[in-house]
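Structure assessment
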Amino acid sequence: MTDALVTVQDLRKTYPVRSAWGRVTGTLAAVDGVDLTVHAGETVGVVGESGSGKSTLGRLILQVENPTAGSVVVDPDARMQVIHQDPFSSLNPHRTALQSVLEPLEVAGALSKADARDAAREALAAVGIEGDAVDKRPRAFSGGQRQRIAIARAIAPRPRLIVCDEPVSALDMQVQAQVTDLLQDLQQRFGLTYVFISHDLAVVREIADRTAVMRRGRIVELAPTSTLFAAPRHPYTRRLLEAVLVPDPARARERLAHVASRPAADAPDAAEVLTEVEPGHFVAL
Ligand SMILES: Nc1ncnc2c1ncn2[C@@H]1O[C@H](COP(=O)(O)OP(=O)(O)OP(=O)(O)O)[C@@H](O)[C@H]1O
Ligand SMILES: [Mg+2]
């Protein structure tokens, strides 16, 4: 195995649950005992229904939130960045593309003004935004182009790891494919490591080397992506896959929503332990 960039151990994050009047009535375990190692150069897909804790895990890995228990250890040389689903809210509407990409470089302060501008222009060129376009504001761009600018902003500070939280979910199918290809090109070119969060199994199947399936704050299955899709072991993974193995995409979406909203007859049992059933294939048993 290659070097571990991030090592997550028995990670937990709970949030207070409040009544309509703001009184704390309990706690919700958004992440509930996750173990995961992310190796340099790989893409780890994280899938699971809405509310399963994917974004919370992403924020804990980025260390923008503190865990309730457990640990996230990040290689000291591994700078991290994030790409969010909605580039409209992650880009300041008053800033030009160039200004948006410059900002994190200026905050880091490691480069001279001229070098920072060069680095920002280079990052924008790498995502296909060049010439006069760099001086335009988000309003002037399409959704796909805005996401390209957000990607340029993430790669400009030369991170080793990027947490991509539903980076193509807001885009049309065709644009999704282009942006997914771009992310793969950039990974090769800059030696990036991705944690790729998505509820879209088709996208994860294409981009991820390994895939973790989350359910109610826990990883119920983790395997090389090809193994996970060819031979899923956990009942929840099987249901997720069955839901999307319907030829008609519109029906697949419907079915997926149905699986996600079904009462959790097969919710992970607190007693389930992630067990290595064959090399690299872990299942909650
Ligand atoms: N800051 C917060 N305060 C309170 N509860 C939170 C907070 N952030 C997340 N949660 C709760 O934690 C659980 C996990 O949320 P999270 O956003 O990580 O799920 P997700 O898998 O990313 O879902 P989605 O697919 O909808 O993005 C949810 O029940 C959510 O309501
Ligand atoms: Mg999320």
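For the structure itself, consult the block above.
In what follows, the accompanying structure is described.

What counts and how
Residues numbered from 1 in each chain as written. Chains lettered and ligands numbered in written order. Predicted model: local features only at pLDDT ≥ 70, side-chain atom pairs only at ≥ 80, totals over all residues. Heavy atoms only, no water. Near = heavy atom within 4 Å. Polar contact = N/O pair within 3.5 Å; in protein donor to acceptor, adjacent residues only side chain to side chain. Areas by Shrake-Rupley, 256 points an atom, 1.4 Å probe, with all protein chains shown as cover. Helix = DSSP H or I, 4+ residues; strand = E, 2+ residues; numbered from the N terminus. Nonpolar A, V, L, I, M, F, W, Y, C, P; charged D, E, K, R; others polar. Pairing = 2+ DSSP bridges. Axes fitted to C-alpha atoms, helices over the stretch in contact; angles between N-to-C directions. Contact = heavy atoms within 4.5 Å. 1 Å grid on protein atoms, 1.4 Å probe; cavity = no way out; pocket = protein on both sides within 12 Å on 5 of 7 lines; lining within 4 Å. Points joined across faces, edges and corners; volume = space filled by probe spheres on them. Buried < 20%, exposed > 50% of the residue type's maximum accessible area, 1.4 Å probe, protein only.

A closer look at the site of ligand 1
- Around ligand 1 sit Tyr15, Leu28, Ala30, Glu49, Ser50, Gly51, Ser52, Gly53, Lys54, Ser55, Thr56 and Arg59, and those are all the residues in its vicinity.
- The contact in question runs from an oxygen atom of ligand 1 to an N or O atom on the side chain of Ser50, over 2.5 Å.
- At 2.9 Å, a side-chain N or O of Ser55 approaches an oxygen atom of ligand 1.
- About the coverage of ligand 1: the protein hides 60% of its 640 Å² of free accessible area.
- Mapped by element, the contributors of at least two residues to the shell around ligand 1 are strand 2 (24–39) and helix 1 (54–62).
- Ranked by residues supplied to the shell around ligand 1, first place goes to helix 1 with four residues.
- Across the shell around ligand 1, the residue classes break down as three nonpolar, six polar and three charged.

Regarding the sheet that holds strand 5 (residues 80–83)
- Ordered by their spatial adjacency, eight strands build an open sheet running 5-6-7-3-8-9-11-10, and the pairing between neighbours is mixed. On the outer flanks of this sheet lie strand 5 and strand 10 (274–278), each paired with one strand and no other. Looking at each pair of strands side by side, their axes are set apart by 20° on average, direction ignored.
- By the bridge criterion, two bridges tie strand 9 (residues 218–224) to strand 11 (residues 281–284) in an arrangement that is antiparallel. By the bridge assignment, Glu221 is partnered in strand 11 with Val283.
- Where helix 6 (residues 173–190) meets the sheet, it contacts strand 3 (43–47), strand 5 and strand 7 (193–197), and its direction lies at approximately 155° from that of strand 7.
- Sheet contacts for helix 9 (residues 235–244): strand 3, strand 8 (210–215) and strand 9; angle to strand 8, the most-contacted strand, approximately 105°.

What to know about the layout of surface pockets
- What the second largest pocket holds in volume is close to 360 Å³.
- Together, 17 residues line the second largest pocket, and Leu62, Gln81, Val82, Ile83 and His84 are the ones closest to its centre.
- The residue makeup of the lining of the second largest pocket, split by class, is nine nonpolar, five polar and three charged.

Section: helix 1
- Counting buried residues in helix 1 gives seven out of nine residues, a clear majority hidden from the surface.
- Of the residues making up helix 1, those classed as buried are Lys54, Thr56, Leu57, Gly58, Leu60, Ile61 and Leu62.
- Looking one or two places after helix 1, you find Gln63, whose phi comes out positive at around 60°.

Quick look at the sheet that holds strand 4 (residues 69–74)
- If you trace the three strands from one edge of the open sheet to the other, you get 2-1-4, paired in antiparallel fashion. With one partner strand each, in any of the chains shown, strand 2 and strand 4 form the two edges of the open sheet. In this sheet, adjacent strand axes meet at a mean angle of 25° when their direction is disregarded.
- Pairing analysis gives 12 bridges linking strand 1 (residues 4–18) to strand 2, with the strands arranged antiparallel. Bridge pairing links Val8 to Leu36 in strand 2.
- Contacts from helix 1 reach strand 1, strand 2 and strand 4, with the element oriented near 125° to strand 1.

None of the figures reported here should be taken as evidence of function without further support.
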